[in-house]
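# Examination of the molecular architecture
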Amino acid sequence: MSTSNTNFQADILQGIPSELPKKKAYPINGNPAPKRKDILSIEEKRLAIRNALRYFPEKWHSELAIEFAEELKTFGRIYMHRFKPNYKMYARPISAYPAKSQQAAGIMLMIQNNLDPAVAQHPNELITYGGNGAVFQNWAQYLVTMQYLAIMTDTQTLNMYSGHPMGLFPSSKDAPRVVVTNGMMVPNYSKQDDWEKFNALGVTQYGQMTAGSFMYIGPQGIVHGTTITVMNAFRKILKKDENSAGKIFLTSGLGGMSGAQPKAGNIAGCITVCAEVNANAATKRHKQGWVDVLIDDINDLVVRVKEAQKNEEIVSIAFIGNIVDVWERFDTENMYVHVGSDQTSLHNPWSGGYYPVGLSYEESNDLIANNPEKFKKHVQKSLVRQADSINKHAAKGTYFFDYGNAFLLEASRAGAAVFAENKIDFKYPSYVQDILGPMCFDYGFGPFRWVCTSGESKDLDKTDEIAMQVMTEIMANSPKEIQLQMQDNITWIKNAKANKLVVGSQARILYADAEGRAKIAEVFNNAIAKGEIGAVVLGRDHHDVSGTDSPYRETSNIYDGSKFTADMAIHNVIGDSFRGATWVSIHNGGGVGWGEVTNGGFGMLLDGSKEAERKLKSMLFYDVNNGIARRSWARNDEALFAIKREMERRPDLKVTLPNIVEDTILKNLF
Ligand SMILES: NC(=O)c1ccc[n+]([C@@H]2O[C@H](COP(=O)([O-])OP(=O)(O)OC[C@H]3O[C@@H](n4cnc5c(N)ncnc54)[C@H](O)[C@@H]3O)[C@@H](O)[C@H]2O)c1
C-alpha cells in the first residue's frame, strides 16, 4: 500500500484530529455557495456556536468559537472550514478505504464522489448540486461519519440525522448499514425560512435528492432524463413525417443540472436556446463541450437562431443574459418556439435560485445579501413578466412544460396568469403529467443507476454490455405498450460510452422497469461472482416511480386527490430497508423545494454473493412496484396495465385494484 494511501486511511480512522489543525484560508476560487440569509437572533447565534462546538474538545472552544462566529457572519452558516481534510476528495477504488464492512466502504466511496470538486457544485460548503443540496452541514460531520463507516461491522447501522452521525446501533446483517434522514421536520415547520433558521442553527439540512443520500453521479443522470423528456416533448407536437431539426427548444439555466439541457437538445436533434445570467456557468458549460455556441448580445442571438432555423440545424446556443429578455424578444420577432421550458432554481427563489430581469447578476447578489425584501419583489415582478411572455408564445402554439423547478408554483404565487380555467390546475402541464409520468413512471421505467466500485472503465464497459444484452432480450418479449421505452433505452446504453458522460465515479444511468432492473442486477452479481468485474453499487435517483411524493413534479400525474400525501415515499423507504438495501434515505425537499416534497432512495452493494442476489430480487421488485400499485390505485391506465402484468409475473403480488365509475353516474349527483 502506498504511503499516501496509508496516510489517507489513518486520517479517515482518526475522525476529528487529536491535534487542532491549523486555520485554513478560505479558497477564493472554489465556486463558493451564496452567502446565506442572516436570520438568527443574537441568542440563536449563540446557540448555533454552542451546537457547533459539540463536536470538539473543550480546550479548543475559545479559539473555535471566535472562528465559527466569523464563519456565521461571513457565510450565514458554520462550515468548519479548518477541518476540511487535506487529502484529495474523489471516489477511490473500494479497496482503498479502511473498512471492516465492504458495504460501508462502498458508502464511503459514494460520499467522496458527492464531494469531489469535479462533481460538486460548492465543494467547500459540502454542497453537491441545486445550490443547497448538502451532503453534510459541516466538515466535522464528514470526519465523524467516515470514521464510523471505517470501524463499523456488518451487524451495525449508522443513523444519520441531516448530515449528523448520531451513532452506530447494533442491528443485523440484513439491516441497512446506514439510515439517512434529511430535513425531516414536524410538518408545520417546513417554510423556506424554517430551513434558513434551522440549517443556520446546525440541526437540519436540505439534502436535495441524491446529494444527501450519496447517490449523485454527475451530470449524466440528468442528461438521460432530460433527453427522454425533450425527445418526447417533440414527439407530442410534431407530425409523423417531421423531425426536430431546425425547431426551437427555448429554456434557461446552465447550472448543475440545467446544464444538461443543451446536450440533451443535441441528442434530441433540435435547436436549443438556453439563457444563463451567470457568465461563469455559461462559459464552463461551453468549455466542457456541453453547449456549442456562446452569445452575449441579444441581437446576435436573434440573427444566429434565425440562421439555424433556416438551415434546419441541430445546435445548442447559450445566451449569457436573462431568460425573460429572450422570451420577450422572440415574441416581438415572431420567432416560433416549438418547445419551451425553464430550469432556473425556483425551488430556492429568494437566495439566488432565480435572477430577476432588469438587474445585473451583481446587483441581484447585492440585494440578496443587503435588501432581501426588495429582491423578493423584483423576483415576483420578473416571474409575472416571464409568464406573460410565455402565455403569448403558447397562444401561437408553443408547447410549454414545467420542468420540476417550481416555475409555475412560484409564478402563481407571484400573481402570474398561469392557472387553468378551473383556477386549481396550472394551464401548462409539468413534464411528469404529460411525459415522464404516463410514458415512464406508470410503467415502472425510471432512473436506475450503478457505480463500478473498482473505479475501472473496463468494468463500466462490461456492465454497459450486460445491460444492453439484458434489455434487448427483454424487449423481444415485451408488449407493444413499452416497446418505445425499451428501444429509447437500448439506444441510450449503446451510445453511452461515446457520449462521454462519466464525471467522477465510473457510473451509468439507464431507465429500466422492475423486470429490467432486477435482471440487469442479477447478471451483474453473477459477473462479480465469477470475478469478471468488481463489486457494483446499485441505486437510483429519488425522482422515480415510487421514491417521491411531490404534487408538482413526480406525482403531478396523480389525479385522485392523494398527490398531497406522502404515504408512498414513506412506505418505500421502510419497505426497501427491510428487503435488503445497503442504505436508505428519506428527505424533505429536493428539486421543488423545502416543504414541497418527500423523497427517498436507496443504495445497494452487489458483491457477487447469494445473499446479494436474494436482496436485489426482493428489494428491486418492491422498490418499483410499490409506486406502480399506488399509481394504478389512482386509476392511471398505464399503471393499471403494468401492475396487472406484474401480478401475472409474480403470483405472490396481490394489489388492490380500483373499480372505475362511469362519469354519467357522478354528473348529476350535486
Ligand atoms: N425535474 C427534474 O428532473 C429536474 C432536473 C434538474 C433540475 N431540476 C430543477 O431545476 C432547477 C435547476 O437545477 P440546477 O441544478 O441546474 O440549479 P443551478 O442553481 O445550478 O442552476 C440554475 C441556473 O439558472 C440560472 N438563472 C437563474 N435565474 C435566471 C434567469 N432569470 N435567466 C437566466 N438564467 C438564470 C442561474 O444562474 C443558475 O446557473 C432546480 O430547481 C432543480 O430542482 C429538475
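Residues numbered from 1 in each chain as written. Predicted model: local features only at pLDDT ≥ 70, side-chain atom pairs only at ≥ 80, totals over all residues. Heavy atoms only, no water.

Once that is clear, we can look at the site of the ligand. Surrounding the ligand, one finds 30 residues, the nearest of these being Ser 258, Glu 276, His 347, Tyr 355 and Tyr 431. With respect to the ligand, the side chain of Glu 276 contributes an N or O atom lying 2.5 Å from an oxygen atom. Residue composition of the shell around the ligand, by class: ten nonpolar, 18 polar and two charged. (Near = heavy atom within 4 Å. Polar contact = N/O pair within 3.5 Å; in protein donor to acceptor, adjacent residues only side chain to side chain. Nonpolar A, V, L, I, M, F, W, Y, C, P; charged D, E, K, R; others polar.)

A large share of strand β17 (residues 598–606) lies buried, amounting to nine of its nine residues. Inspection of the sheet shows strand β14 (residues 536–540) paired to β17 by four bridges, in the antiparallel sense. Bridging across to β17, Val 536 finds its partner in Leu 606. Of the pairings in the sheet, the one linking strand β15 (residues 548–549) to β17 comprises two bridges and is antiparallel in character. From the neighbouring strand, Asp 549 faces β17, where its bridge partner is Thr 598. When strand β16 (residues 583–588) meets β17, the two strands line up antiparallel, connected through six bridges. Paired with Ile 586 across the bridge in β17 is Gly 600. (Buried < 20%, exposed > 50% of the residue type's maximum accessible area, 1.4 Å probe, protein only. Helix = DSSP H or I, 4+ residues; strand = E, 2+ residues; numbered from the N terminus. Pairing = 2+ DSSP bridges.)

The strand order β8-β9-β7-β6-β10-β11 describes an open sheet built from six strands, whose pairing is parallel. Whereas interior strands pair on both sides, the edge strands pair on one side only; in this sheet they are β8 (293–295) and β11 (399–400). Bridge analysis of β8 against strand β9 (residues 315–320) gives three bridges, and the strand direction is parallel. Across the sheet, the residue bridging to Ile 295 is Phe 319, located in β9.

Using the criterion set out here, one finds 28 aromatic pairs in the structure. Geometrically, the ring pair formed by Trp 139 and Tyr 142 is edge-to-face, given 5.5 Å between the ring centres and 75° between the ring planes. Separated by three residues within a single helix, Trp 139 and Tyr 142 lie in helix α5 (residues 139–151), roughly one turn from each other. Taking the relative accessible area as the measure of exposure, Trp 139 reaches 1% and is therefore buried. Linked through ring pairs, Tyr 55, Phe 56, Trp 60, Phe 68 and Phe 83 together constitute an aromatic cluster. Its guanidinium or amino end placed over the ring of Trp 290, Lys 263 lies 4.8 Å from that ring's centre, counting from NZ or CZ. Above the ring of Trp 290, the side-chain terminus of Arg 285 is found at 5.4 Å from the ring centroid. (Phe/Tyr/Trp six-rings, centres within 6.5 Å; stacked < 30°, edge-to-face > 60°. Lys NZ or Arg CZ within 6 Å of the ring centre and 35° of its normal.)

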